[in-house]
Amino acid sequence: MPENLSSQLEEYLPQQILKLVKGAGEKASELGLELYVVGGVVRDLLLGRANFDLDLVVEGDAVKLAQELAKESQASLTVHPHFGTAKLSYTSFSFDIATARRESYSCPGALPSVKPGSLTDDLCRRDFSINTMALCLTPQRFGELIDLYHGKDDLDNRLIRILHPNSFIDDATRILRGLRYEQRLGFKLEAKTAELLRRDEAMLDTISGDRLRHELELILKEDCPERVLKRAAELGVLTKLHPSLRGNGWLSKRFEQARQQCKRTSPLPLYLCLLIYNLTDEENEQFLSRFNFQKRLSQAMRHALQLKTKLHTLANPQLKPSDIYQLLCSYTTQAIQANFLAAESPIASQHLQSYLAKLRYVKPLLNGEDLKRMGVPQGTQMGEILNALHEAKLNGEVRTREEEEKLVYNWCQTL
Ligand code: CTP
């Protein structure tokens with residue numbers, strides 16, 4: 001008798017999602033199809049971790065099923081007929097429906113070629129046993145657990161296990177995925193899996209820059225990416241990404257501090273600046289081109305290294321606030337934050353902190369329009385006066401609007 005998790009499913013899923021999922025199972029049944037929820041949600045349900053990123057798999061035409069479901073609801077529908085996938089988006093969440101598929105790899109690292117298949121085909125193409133479990137959603141079998149690779153045992157024993165010896169050769173991104181799950185869940189690589197991972201590390205060279213970058217970004221979106229990077233360093237995986245990368249204590253400490261710096265924004269660009277901080281410019285360029293980073297991120301990383309060469313100037317205690325502003329205003333915020341976290345000189349740190357917390361926001365109260373009204377002619381002179389006003393404001397020489405106006409009048413007298 002297969003294990004049934006219907007009561008766990010009912011308890012775990014928010015009411016609204018449960019209702020839709022049951023409705024989808026009923027509709028599939030009307031069309032003579034079997035529908036399943038698969039992968040991460042099943043794993044996380046068994047672990048008691050919240051995850052409502054529902055991946056549904058149907059043995060049959062997913063696009064047709066999704067179209068039928070969309071007709072009877074407010075959901076907006078996106079379909080990819082070529083891939084046999086569809087996305088149903090409701091107001092506060094969405095779920096993906098895919099046709100169960102069979103995959104084969106023409107050569108290591110290439111994307112697989114795909115054909116429609118059975119649920120078994122779909123599960124056996126996956127990365128780790130803990131991601132291969134499915135729950136049936138069709139009414140007669142609602143909640144039935146399909147666990148072909150003993151994923152539940154591996155969850156109980158806290159193990160990350162590949163399904164076959166060529167898994168990392170077929171798709172070396174699984175090397176990075178495995179370390180990510182291991183550290184996220186506090187699991188261990190199963191012994192044979194660990195051995196094969198070491199054997200196949202060089203297969204990371206077969207992965208395109210875009211796929212590699214995607215996996216690195218997923219690592220950096222984890223709650224504690226430094227743990228994954230440390231483990232990747234221990235296993236020799238990190239140096240396969242670039243020989244000069246280090247996942248050491250220095251990096252871990254800076255990553256923790258980076259999260260404090262980025263309470264309301266994503267720490268990802270700052271993490272990347274710290275990751276490459278001890279590379280040379282040339283090594284950084286190799287890293288950027290291997291991972292094909294978009295312009296904005298590449299610029300932040302380049303700036304981090306450029307600013308590093310200016311730290312000795314920033315360590316001068318005689319610098320005025322306007323000097324600090326001039327030194328830093330053309331650098332990306334994340335590059336400045338990275339240097340603040342990495343700088344060894346307390347004076348340089350203090351200057352970087354003062355720029356980040358205060359100086360970058362300082363603006364004069366008067367603008368070009370005000371100066372025009374005061375009789376300053378437009379052109380280079382106006383630009384110079386505005387700059388001088390900004391400098392005076394930064395250095396605390398003027399505070400109020402009246403003080404700014406007085407300064408401008410005095411300058412005008414000397415013109
Ligand atoms: N998968 C795989 N091999 C990959 C990528 C994905 O086998 N290289 C499978 C896994 O079974 C995974 C599923 O596709 O469970 C969905 O992928 P993804 O959304 O990346 O994984 P989740 O398990 O949902 O992981 P996460 O919790 O990180 O979102």
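In this text, all values refer to a predicted model and were calculated from it rather than measured experimentally.

J.: How should I be thinking about the overall build of the protein chain in this particular structure?
T.: Regarding its fold elements, the protein chain presents 23 helices and eleven strands. Relative to its length of 415 residues, the protein chain is extended, with a C-alpha radius of gyration of 28 Å against a globular reference of 22 Å. When the backbone C-alpha atoms are referred to their principal axes, the protein chain occupies close to 95 × 50 × 35 Å. Counting only residues that meet the buried cut, the protein chain has 49% of its 415 residues in that class. Accessible surface, the protein chain as shown: approximately 20,600 Å² in total, 49% of it carbon and sulfur. Looking at charge distribution, the protein chain has the averaged site of its 54 positive side-chain charges lying 4 Å from that of its 54 negative ones.

J.: What is the right way to read the sheet that holds strand S3 (residues 76-80) from this model?
T.: Where strands meet in a sheet, backbone hydrogen bonds hold them as pairs that are either parallel or antiparallel. In spatial order, the strands read S3-S4-S5-S2-S1-S8-S9; together these seven strands make up an open sheet with mixed pairing. Of all strands in the sheet, those with a lone pairing partner are S3 and strand S9 (145-146), marking the two edges. Pairing of strand S1 (residues 34-38) with strand S8 (residues 134-136), which is carried by three bridges, proceeds in the antiparallel orientation. Across the sheet, Tyr36 pairs through a bridge with Cys136, a residue of S8. The sheet strands contacting helix H4 (residues 62-71) are S1, strand S2 (55-59), S3, strand S4 (85-89) and strand S5 (94-99), and the helix crosses S5 at an angle near 145°.

J.: Can you help me understand the nonpolar core in this one?
T.: Most often, soluble globular proteins have nonpolar side chains that are buried together. Counting 112 residues, the largest nonpolar core has Ile97 and Phe287 as its most contacted members. The dominant element in this core, judged by the number of residues it contributes, is helix H14 (residues 268-275), at seven residues. Both domains that furnish three or more residues to this core are identified here as domain 1 (1-157) and domain 2 (246-361). Once residues within four sequence positions are removed from consideration, Phe287 is found in contact with Leu216, His242, Leu245, Leu275, Ile276, Leu279, Phe293 and Met301. If you look at the next biggest cluster of nonpolar residues, it comprises nine residues, including Leu123, Ala134, Cys136 and Ile146.

J.: Just checking my understanding: could you explain the packing of helix H19 (residues 333-342) against helix H20 (residues 346-357) for this structure?
T.: When two helices pack together, you describe them by how their axes are tilted relative to each other and by the distance separating the axes. Viewed as axis vectors pointing N to C, H19 and H20 meet at an angle of 145°, and their least axial separation amounts to 9 Å. The handedness of the crossing between H19 and H20 is left-handed. Within the contact between the two elements, H19 uses Thr333, Ile336, Gln337, Asn339 and Phe340 and H20 uses Ser349, Leu352, Gln353, Tyr355 and Leu356. Of the residues belonging to the contact of H19 with H20, the class tally is five nonpolar, five polar and no charged.

J.: Sorry, what's going on with the pairing of S5 here?
T.: On a regular strand, one side chain projects to one face of the sheet and the next to the other, so that they alternate. Pairing geometry for S2 and S5, over four bridges, is parallel. Bridge pairing links Val57 to Ala98 in S5. Summarising the sheet, S4 and S5 pair through five bridges and their orientation is antiparallel. Following the sheet pairing, Lys87 is matched in S5 by Asp96. Here S4 hands over to S5 after four residues, the two strands then running antiparallel side by side.

J.: What exactly am I supposed to notice about the site of the ligand here?
T.: Neighbouring the ligand are 13 residues; Arg43, Asp127, Asp171, Tyr181 and Arg184 lie closest to it. Interatomic distance of 2.7 Å between a side-chain N/O atom of Arg43 and an oxygen atom of the ligand. Within the backbone of Asn131, a nitrogen or oxygen atom sits 3.4 Å from an oxygen atom of the ligand. Taken by itself the ligand offers 570 Å² of open surface, and the protein chains cover 74% of this. Looking at the shell around the ligand, the elements that each hand over two or more residues are helix H3 (40-47) and helix H8 (173-185). For the shell around the ligand, the element with the highest residue contribution is H8, accounting for six residues. Taken together, the residues of the shell around the ligand sort by class into one nonpolar, four polar and eight charged.

Parameters at a glance
- Residues numbered from 1 in each chain as written.
- Predicted model: local features only at pLDDT ≥ 70, side-chain atom pairs only at ≥ 80, totals over all residues.
- Heavy atoms only, no water.
- Helix = DSSP H or I, 4+ residues; strand = E, 2+ residues; numbered from the N terminus.
- Rg over C-alpha atoms; globule rule 2.2 N^0.38 Å.
- Buried < 20%, exposed > 50% of the residue type's maximum accessible area, 1.4 Å probe, protein only.
- Areas by Shrake-Rupley, 256 points an atom, 1.4 Å probe, with all protein chains shown as cover.
- Lys, Arg positive; Asp, Glu negative; His and termini not counted.
- Charge placed at Lys NZ, Arg CZ, Asp CG, Glu CD.
- Pairing = 2+ DSSP bridges.
- Contact = heavy atoms within 4.5 Å.
- Axes fitted to C-alpha atoms, helices over the stretch in contact; angles between N-to-C directions.
- Core = buried A, V, L, I, M, F, W, Y, C linked by side-chain atoms within 4.5 Å.
- Domains from an automatic or database assignment.
- Left-handed = near helix turned anticlockwise from the far one by under 90°.
- Nonpolar A, V, L, I, M, F, W, Y, C, P; charged D, E, K, R; others polar.
- Near = heavy atom within 4 Å.
- Polar contact = N/O pair within 3.5 Å; in protein donor to acceptor, adjacent residues only side chain to side chain.

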